[in-house]
Each structure stands twice: as C-alpha cells, then as structure tokens.
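Single-letter residue listing:
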Amino acid sequence: MSGSTPDAPLGFTRQQMADRIAARFEDGWIVNLGVGMPTLCSNVDIAPRRVIYHSENGVIGYGPIAPAGEEDLDLVNAGGQNVTLLAGAAMVHHADSFAIIRGGRIDVTVMGAYEVSAGGDFANWKIGRAKGGGIGGAMDLAACAKRVFLVMEHATRSGAPRLVGRCALPVTARKVVSLVATNLGVFAPVGEGFRIHELAPGVTREAAAAATGAKLLD
Amino acid sequence: MSGSTPDAPLGFTRQQMADRIAARFEDGWIVNLGVGMPTLCSNVDIAPRRVIYHSENGVIGYGPIAPAGEEDLDLVNAGGQNVTLLAGAAMVHHADSFAIIRGGRIDVTVMGAYEVSAGGDFANWKIGRAKGGGIGGAMDLAACAKRVFLVMEHATRSGAPRLVGRCALPVTARKVVSLVATNLGVFAPVGEGFRIHELAPGVTREAAAAATGAKLLD
Amino acid sequence: MTEKLRPDLAAAVADIPDGATIAFAGFGMPGTPFNLIAALAEQGAKNLTLIANTTGGAQQPRMPDIGMLVERGRVRKVICAFTAATRASDVLPFTKYYEAGEVEAELVPQGTLAERLRAAGAGIPAFYTPTAVGTELAEGRERRFFNGREYLLEHALPVDYAFLRARRADASGNLQFHRSQRNFNPVMAMAARIAIAEIEEPILPPGAIDPDAVHTPGIFIHRLVQIPPPPLGLWPQKRQERVRP
Amino acid sequence: MTEKLRPDLAAAVADIPDGATIAFAGFGMPGTPFNLIAALAEQGAKNLTLIANTTGGAQQPRMPDIGMLVERGRVRKVICAFTAATRASDVLPFTKYYEAGEVEAELVPQGTLAERLRAAGAGIPAFYTPTAVGTELAEGRERRFFNGREYLLEHALPVDYAFLRARRADASGNLQFHRSQRNFNPVMAMAARIAIAEIEEPILPPGAIDPDAVHTPGIFIHRLVQIPPPPLGLWPQKRQERVRP
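None of the values given here were measured: they were computed from a predicted structure.

Quick word on the interface of chain D and chain A
At the junction of the two partners, chain D supplies 49 residues and chain A supplies 47 residues. A buried area of about 4,000 Å², summed over both sides, lies between chain D and chain A, and 57% of it is on carbon and sulfur atoms. In terms of surface lost to chain A, no three residues of chain D exceed Phe27(D), Thr86(D) and Arg179(D), which account for 13% of the buried area on that side. Along the contact surface separating chain D from chain A lie 3 salt bridges. The residue Lys238(D) makes a salt bridge to Glu71(A) at a minimum N-O spacing of 3.1 Å. Breaking the side of chain D that touches chain A down by element, the ones donating at least two residues are α4 (93-99), α5 (110-121) and α6 (185-191) of chain D. Among the elements that make up the side of chain D that touches chain A, the one with the highest residue count is α5(D) (6 residues). Looking at side-chain class alone, the side of chain D that touches chain A contains 18 nonpolar, 18 polar and 13 charged residues.

In structure tokens, the structure reads:
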C-alpha cells in the first residue's frame, strides 16, 4: 500500500491523517484498524470517548503497542505488532472474529488503499502488474463494516491521482467508502465527486483539485 | 416414545436391551444417547473398552448420574438428568455441539423409536394424531451420525408391530438404522426385511415373526 | 462507553415492544433466563415471536417458560425444536394452545436452530444442511446436491432480543458459563440486536475475567442484570423425577 | 482409548502421503505450528495442497512456512488470503514461484477462508457470504440475493490434516491457546480428518484442564507432540522491525 511513500512536503503528516480519522470515532464504537497508516489511529487520545479495537485474528479490546521487553509474543494485532490488552479484552478464534465482522458489529474499519472512486469503490489488494494479491481480511471488513474510512496518500510517487472517478485496479468492495483522509485533506466520496471536509494547512483548493482524478465539491 | 410401555412378560428387560446395544460400542467411540431407554446404555460396564458420551447440549465426556445431594444443577445430559463429568471432559456451545454431530464425529447415536422400517427408515418425533412433535436433536443425529442404533419395544401396547416394511408415521431420517434392540431380540434392517442377530430368551423365531411387520431373515 | 448494568429485571426488559422477536437460551434448567422471562411476563409485551429449544413444562418443578407467556396470550408464534413432549404420554402446556390454533409454531431440528442463530450472528444469510432431508420438514423446501448428497437450504434466524443467563460477567459484558449452562447462550447472543444477560454472581470489574477464559465477548452483550438471591430471584431446581411404571 | 501423544515431531507427521491437503494454523508468529511444518519439510511428502492465512516470509526472522515447502518443490497448490505481500514494496518468497507458474494458488478472503474451514467441520457443504461481491473474485461465481442484498456461494473446505500449535493440552487432546495464538487453530481442527497439535507446555493428565476452559475439545484432536525446548524446538520470535522511510 501507500505506506512506503514518504510524507508529502506539504499537507498532513501520516499521524495527522490518522488524527483526522480518529477524530470521527464515536464513544463505544468497535474499530478495526488495517496494517500500516491506520494503526496510527490508536496513538490518538480521543478521551473522554473510548473505542474498542478489534483485530481480525480474534483480539477484542487491544491497547497500545507493548513496551520493549514486555511483549507477549503470542499476542499480535492484524499487522503482527505485539500489542497489549485493555481491561475487558476477550479472545476469540478466527471464525468467531469474522462472525463479528460479517455480522455487522464493526462500526468502522480504517484501511489504506491504492485507489478510491467518487462512487465509494476502493482498491487495496492487488496492484496492476501482479498475478496475485494480498486480500487478508480487507474484503470481509469492507463488505460488512458499518463504515469504511480510508487513510492514504493523495497521489502516487509519480503524481498520478489515487482519488479517481473510477478505480482502474481490481476493487476490494464497491460503494462502501464514506471518508478519505489523505496528505492533502479529508474528503468524502459522494457519487459525482469528492466533497471536501477539510484541506491540510498550505494546501489550496486548486492544488487539491489538480491532484485529484475526480470532481472536488465544497 | 415407548418408554412408558411396561416390560414385556418374556424377552429382554429394558436394561438387557440397552446391554445389547452397548456391547457393540467400540473402544474410543463417541456415543450420543437419546432420552429414555438409550440412557440405560451408560449403565453398562464395557471395560476395557471406553467410549466418550456426547450430549447435544454441549457436554463432551459425561459420566454416571450424579449421586443424590451431589448434583451440579448446571450440568445435565440431553434428558435433563444431572450427570457427572469424567476426566478429559469439555463443554461447548450448542452450535459447536451440533457441528460435532453434523460434521460426522458421532460414531453412534442410540435412540428410541415408534417405528423402524426394513429399509432403515425410522420414526420417533411425531405421533399420528399430533399437530406438532418433538424433534429435538434427533433429525440432526440421525442424518449425520456414522451409525444409528435403536432401542425400542417390538410392538405397541395393542400388539401392532413397530418393525415394519414401511413407516406409517412421519420419519426422522431415511436409510440410516443399522441395528435395533427390542424386547424380543436384536435385529438389523437389511432392505428386504430384518436380519435376526439374536433372539431373547424364551422368544421363538415364530413368535418374533408374528410380532414383526416385515420379513425376518436368519 | 455505554453502561451495560441495569438496576433490576424490569428495567432490563422495559422497552421491549409488542411484536418483538425474542430468543430464550437454556436447555433444561441450566442457562435458562427464568428471571428475564418472568419479567417479560410482567412487562406485558404481546404479539411476540419466541425462539427457544422447548416451550417448557416438560419437567417439574415448572419454571417460567414460553408456555406461561402463551397462557397469558402474549405470543403470536414460537420457533422451537419441540412443540410436543418427547414422551407421547406427556402433554406440554403449550401443545393444547397450538392444537387449538391459538399460537403458530415453526418446528426446527435443534441443530438447525442453533446453526440458523449462529448464521444470523455471523452474517451468513443461508446455508445448506443434511438434517431433515427426506422428512416431512423437507416438503416444499429448496433441495440441492453437493458431492452426491442431498441437502436443504436453511436461512439465518436473526432476533431482536436475546435473553441469556450466565454464571459470571464483568461490566464490559464478557460472560462465563458454568458447565452445560452454556448451550444456546453464545449463539443467541450472536443472533441478537440486543442481548440481555441475567447474571448469577456479583458482576465483576472489567478485566477480572482472563481474556482467554471469556465464553461470550462483551461486544455481543448490551445489558446485564444481577439475579436477586432466592426467593426473589429464580434459580435452577433439582428436577423432580417422575415414577416410571 | 487410542493414545494421542507421539514420541516426536517426525512420528507425528510420518504417515502423511503425497497429495495430502494440509492446513497450517497461525496468524503472524502466534499459534503457528513451526515445528510440524519443519518436520513435514524433512518428511518429504510432495504434491501437497496447503492452506494457511499466508505463505509466510513477510516478517523477519523467517520461520518455517509454506514458502519453504514451495522452494523445495513439495507444493502443488496453496489456498490462502495472501499470495503477495500487503505492502507493494515487499516480495514474498512464494510470489516468484507463483508468478512463474510453478505452483497454483487460490486466493480467498480471510473471513471466507475461516468460515469455509468451519463449515467443513460443521457438516455444512456450502453457505452464502457478502464478502467479495462486486470484485474480481466474484467472477464466474454463483450469486444470489437474500432480502435485496447480493451474496456469493462458498463451499466447505475439508482438509486431510491440520497442523496446530497450542500452549497447553491434556492427554485427551483438549487444547488451550494463549492470547492470539488461538486464531485459525480451532477451525482448522474442526475441518480436519486428522488434527495434529504441537504443544508448548508439558502435556497434562486428562482432567487437568477445567472442562469450561477448554478451547478445542479433544475429540477434534488426534495427535499431540511436545515441542522440544529451544534451540531444538522452534518458538515465536520478536519481529524485527523494518526501518520505515
């Protein structure tokens, strides 16, 4: 995914992008964070609101990354990081974990993406030239969570837009994305284009429009 | 079921019928016993063989009925009796318990029945005049266990045969029964009739044939 | 976070509307939410669709059950594995109302019932099962062969409310069951929009139950209520054995 | 009763024939049967169909994985949720063999993979899921609408052998997992004809694990083997973090 792209010279940092996503979490939500940038959401203090982090490997209610030397090597989040558990945590097996996902109990899944369309489709499992891909739990989460938020770079290294009219890459799910935080701002796919919720400091509407492959709406 | 019928004046007692069934249990089998006469199988000492008793409410590895005064009121078998647990027991929930059944892990289910046909169909959930019935786990067990053994009275109180050419009552499952222990003997439905495995003491072949609604084979 | 603990049984069921679909856990005495069923009887909601293994009344002493709600005219339909007793000689309180046409019933094999509830909780709208093939229950149903064996299509069974009973809970809603108390409780919790659990032991602070030892995670549980000690609260009884002829 | 404990890892996998279908549990390091996988590599069976969440090699230090068996030419087909790395910049050891056509792969969403395994264990031949609707994975697949929403038909995924890893076992085969070690272990045990578990702690006598605290009942487990202490036995390692640009 876009994780290896260096932060853009202007606009939001990676953590600031995650901050924008976490700011939308409501008290009591069950939240699933994808590998890479989405995990930065769990660094954000959103008190007095509290959310429950769910990881597809059956961890319900995990907390911060374990301090060095205090890791439980049998406890990882979806990204393989050794996390801690908060009071009230519970473990389930994989089928039960995806019962939670498929059953519609996840209030929001936050993922990275290669592309997102104005219609709310997004692509994050296969790059154009590849024979295979890495789906993991993304298709289950995307199809079944109550909300899909994306955190991603606004453009590729070569400057091609990742917010587009129609995805060129194979999609992960269709018509599911409701919010996209990028290095240039926060946007909502609304069908005819992306509605601007917020532009990052120093990013003009014109600069954002030039970097976007679909109409920007105010 | 036939449980309320008094023991026949000659032939096997209820416990002797259950003994005949239990004698066929092989070491290591997972055994599910239905309500009523089948529970008598667990009274039988079949050492050195050992079996694991499974109850559809998620009890794996139960043992004898609890002595009076030592009952755990939260532990019952399928018949609602307060049983004990043997070393190595495990509890699961209802969907997992029927996963065990439907997944084909039960080596034998022992049930009572109103009727059994020479083709191996049997009926034990609904009586003729009733609007509804009591299926419980019988249809799942009958359709999915590796073997279905029946323990039942050979005839109704009024003398009508329960071992028949074709079931008149609504069936529980078709072509599944491999052994039937009755007060008159032990029989196997083999298609064209019931093959005699054993006749109870004092029961002549002629008496058994007269009480049976299908051909008896030697 | 929303507080899950309710002050009493009446508060735990106060908002249940007429026409609701409610699942009652339990198999025999263990794990049956007797107190919530009794509170529902008091609360008065009617035109209910009730789901449980049995309609009750087969064993003595009799405890709050579906039959009791049927007797009070609160029930439109029952979905269960027994509309009549296992022994032909027994008569369930429910059966006479059913035979008189005063309540509808859908008779479902017990394993299919458990799996339909789990499917509802797991986002599976339908599945195939070998159970009931070739029986009266298969009539008019969709059949399909896989690898040469015949199966029936079964649909998920979502419920509005699940009534549960557990030995132990923490304030996050994590539940532990004791022995065969577990039975339908976990799958009914999964199937429910709102799961309400009556709890036997004093409710623990979050974190008091080892995460590896949780049977039903708190994210499935919406309301907890402490069972009062007897005689106010209802607890499993030793079954009175009938004398066999 | 059949003795489940095997004297060593080699004995636990000795009879696995060419062409077998084997599921490997694990998600990241936790719960992955590294020792059984290494023993299988030694044992030499080939033309295998392997099922796991990933083919391995995404994290350092590298541990025994499907990729290792592919490198040795033992694998006909892999069924997994990742045939390539999550990050476009990473390359899995498996990927180059796959792209060269030297091994087949079936890419399955992780939740569908878990549910197909559970279905196999639960006697459910097929079920419907909303996952992957409208994607490349839905092409040519059977679709069906329930209540106005589109679903795909998915089939059970039975396996010949499951390789598992657990913290604790009793001699009856009852298993307990520690934390996220649980992951695919219980459902792969259910899906398997023969489930083989490598166990971290000394194997306990039957009855030493409380029946309420068993995660996978022994009736699903056929063989147990004690993991030797390191360096002979393989144990989870702390992941080496890559430096991010």
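Focus on the environment of Gly80(A)
Here Gly80(A) shows up in the loop between β3 (59-65) and β4 (83-91). Taking the C-alpha atoms as reference points, Gly80(A) and Val35(A), 45 residues apart in sequence, are found 8.6 Å from one another. Setting aside chain neighbours within four positions, we find Gly80(A) in contact with Gln59(D) and Arg239(D).

Observations concerning the packing of helix α2 (residues 94-102) of chain A against α5(D)
Packed helix pairs are characterised by how far apart their axes lie and by the angle those axes make with each other. At their nearest, the axes of α2(A) and α5(D) sit 9 Å apart, and the two run at 125° to each other. Here α2(A) is positioned oblique relative to α5(D), judged by the angle of their axes. Handedness of the α2(A)/α5(D) crossing: left-handed. Counting all contacts with α2(A), which are made through His94(A), Ala95(A), Phe98(A) and Arg102(A), the residues of α5(D) involved are Gln110(D), Gly111(D), Thr112(D), Ala114(D), Glu115(D) and Arg118(D).

A word on the interface of chain B and chain D
In this assembly, 21 residues from chain B lie in contact with 22 residues from chain D. In total, about 1,700 Å² of surface goes out of reach between chain B and chain D, with carbon and sulfur atoms giving 62% of it. Looking only at chain B, the three residues that lose the most surface to chain D are Gly88(B), Arg102(B) and Arg105(B), adding up to 31% of its buried area. Seen at the junction of chain B and chain D, the total is 5 residue pairs in polar contact (both at pLDDT 80 or more).

Some details on the pattern of salt bridges
Side-chain pairs of opposite charge can arise where the charged atoms are in close proximity. With the rule as written, the count across this model stands at 50 salt bridges over all chains. Here Glu200(C) ties to Arg165(C) by a salt bridge, and the two come within 2.7 Å at their closest N and O atoms. Residue Glu200(C) is found in the loop between β12 (192-199) and β13 (223-226), and its partner Arg165(C) is found in strand β9 (residues 159-166); the two are separated by 35 residues along the sequence. The pair formed by Glu200(C) and Arg165(C) is uniform in burial state, with each residue classed as buried. Overlapping salt bridges bring together Asp74(A), Arg165(D), Arg167(D), Glu198(D) and Glu200(D) as one network.

Overview of helix α2 (residues 34-43) of chain C
All names here are of chain C. Summarising burial for α2: 7 of the 10 residues are buried, a large majority. Along α2, the residues classified as buried are Phe 34, Asn 35, Leu 36, Ile 37, Ala 39, Leu 40 and Ala 41. Where α2 terminates, the next one or two residues include Gly 44, which has phi positive at roughly 100°.

Comments concerning the sheet that holds strand β2 (residues 48-51) of chain D
All names here are of chain D. With parallel pairing, the 7 strands of this open sheet are ordered in space as β4-β3-β2-β1-β8-β11-β12. The open sheet is flanked by β4 (104-107) and β12 (223-226), the only strands paired with a single partner. The mean angle between the axes of side-by-side strands here comes to 20°, regardless of whether they run parallel or antiparallel. With 3 bridges connecting them, strand β1 (residues 21-24) and strand β8 (residues 159-166) associate as parallel partners. Note on β8: the bridge partner recorded for Ala 23 is Ala 162. Across the face of the sheet, helix α2 (residues 34-43) comes into contact with β1, β2, β8, β11 (192-199) and β12 while running at roughly 135° to β8.

Notes on the sheet that holds strand β5 (residues 108-111) of chain A
All names here are of chain A. Strands sit in the order β4-β3-β2-β1-β5-β8-β10-β11-β12-β13 across an open sheet of 10 strands; the sheet is mixed. Edge strands, defined here as strands with exactly one partner in the open sheet, are β4 and β13 (216-217). Sheet analysis places strand β1 (residues 30-33) next to β5, joined by 3 bridges and oriented parallel. In the sheet register, Leu 33 faces β5, and the bridge partner there is Val 110.

Topic: the confidence of the model for chain A
Looking at chain A, the pLDDT average stands at 94 and 96% of residues meet or exceed 70. Overall, residues 1-8 of chain A carries pLDDT values under 50, and its contacts beyond four positions in sequence, including any with other chains, amount to 25 contacts.

Observations concerning the nonpolar core
Among the nonpolar cores identified, the biggest contains 200 residues, and Phe25(A) and Phe25(B) are the most heavily contacted of them. It is helix α5 (residues 110-122) of chain C that contributes the most residues to this core, 6 residues altogether. Once you skip the residues sitting within four places of it in the chain, Phe25(A) turns out to touch Val31(A), Leu33(A), Cys41(A), Ile46(A), Arg49(A), Val51(A), Tyr53(A), Val108(A) and Val110(A).

Comments concerning the side chain of Gln110(C)
The topology assignment puts Gln110(C) in helix α5. The class of Gln110(C) is buried, set by a relative accessible area of 1%. Setting aside chain neighbours within four positions, we find Gln110(C) in contact with Glu56(B), His94(B), Phe98(B), Gly136(B), Gly137(B), Asp140(B), Phe27(C), Asn53(C), Ala81(C), Phe82(C) and Phe184(C).

Remarks on the packing of aromatic side chains
Residues and elements named next belong to chain D. In the structure shown here, the tally under the stated rule is 13 aromatic pairs over all chains. For the pair Phe 94 and Tyr 98, a centre-to-centre distance of 5.7 Å together with 20° between the ring planes defines the contact as stacked. Taken together, the positions of Phe 94 and Tyr 98, both in helix α4 and 4 residues apart, correspond to about one turn of that helix. The pair Phe 94 / Tyr 98 is uniform in exposure class, with both members buried. Between Tyr 128 and Phe 146, the aromatic rings sit 5.0 Å apart at their centres with planes inclined by 65°, giving edge-to-face as the arrangement. Linking Tyr 128 in strand β5 (residues 126-129) with Phe 146 in strand β6 (residues 143-146), this pair joins segments that are 18 residues apart in sequence. For the pair shown, Tyr 128 and Phe 146 are each scored as buried.

Here we look at the side chain of Asp74(A)
Note on placement: Asp74(A) falls in the loop between β3 and β4. In this structure the side chain of Asp74(A) is engaged in a polar contact, spanning 3.3 Å, whose partner is the side chain of Gln181(D). When near neighbours in sequence (up to four residues on either side) are disregarded, Asp74(A) contacts Pro30(D), Gly31(D), Arg167(D), His178(D), Arg179(D), Ser180(D), Gln181(D), Glu200(D) and Pro236(D).

Cut-off values and rules
- Residues numbered from 1 in each chain as written.
- Chains lettered and ligands numbered in written order.
- Predicted model: local features only at pLDDT ≥ 70, side-chain atom pairs only at ≥ 80, totals over all residues.
- Heavy atoms only, no water.
- Contact = heavy atoms within 4.5 Å.
- Buried area = accessible area lost by both parts, 1.4 Å probe.
- Salt bridge = Lys/Arg side-chain N within 4 Å of Asp/Glu carboxyl O.
- Helix = DSSP H or I, 4+ residues; strand = E, 2+ residues; numbered from the N terminus.
- Nonpolar A, V, L, I, M, F, W, Y, C, P; charged D, E, K, R; others polar.
- Axes fitted to C-alpha atoms, helices over the stretch in contact; angles between N-to-C directions.
- Parallel < 35°, antiparallel > 145°, perpendicular 65-115°, else oblique.
- Left-handed = near helix turned anticlockwise from the far one by under 90°.
- Polar contact = N/O pair within 3.5 Å; in protein donor to acceptor, adjacent residues only side chain to side chain.
- Buried < 20%, exposed > 50% of the residue type's maximum accessible area, 1.4 Å probe, protein only.
- Pairing = 2+ DSSP bridges.
- pLDDT = per-residue confidence, 0-100.
- Core = buried A, V, L, I, M, F, W, Y, C linked by side-chain atoms within 4.5 Å.
- Phe/Tyr/Trp six-rings, centres within 6.5 Å; stacked < 30°, edge-to-face > 60°.

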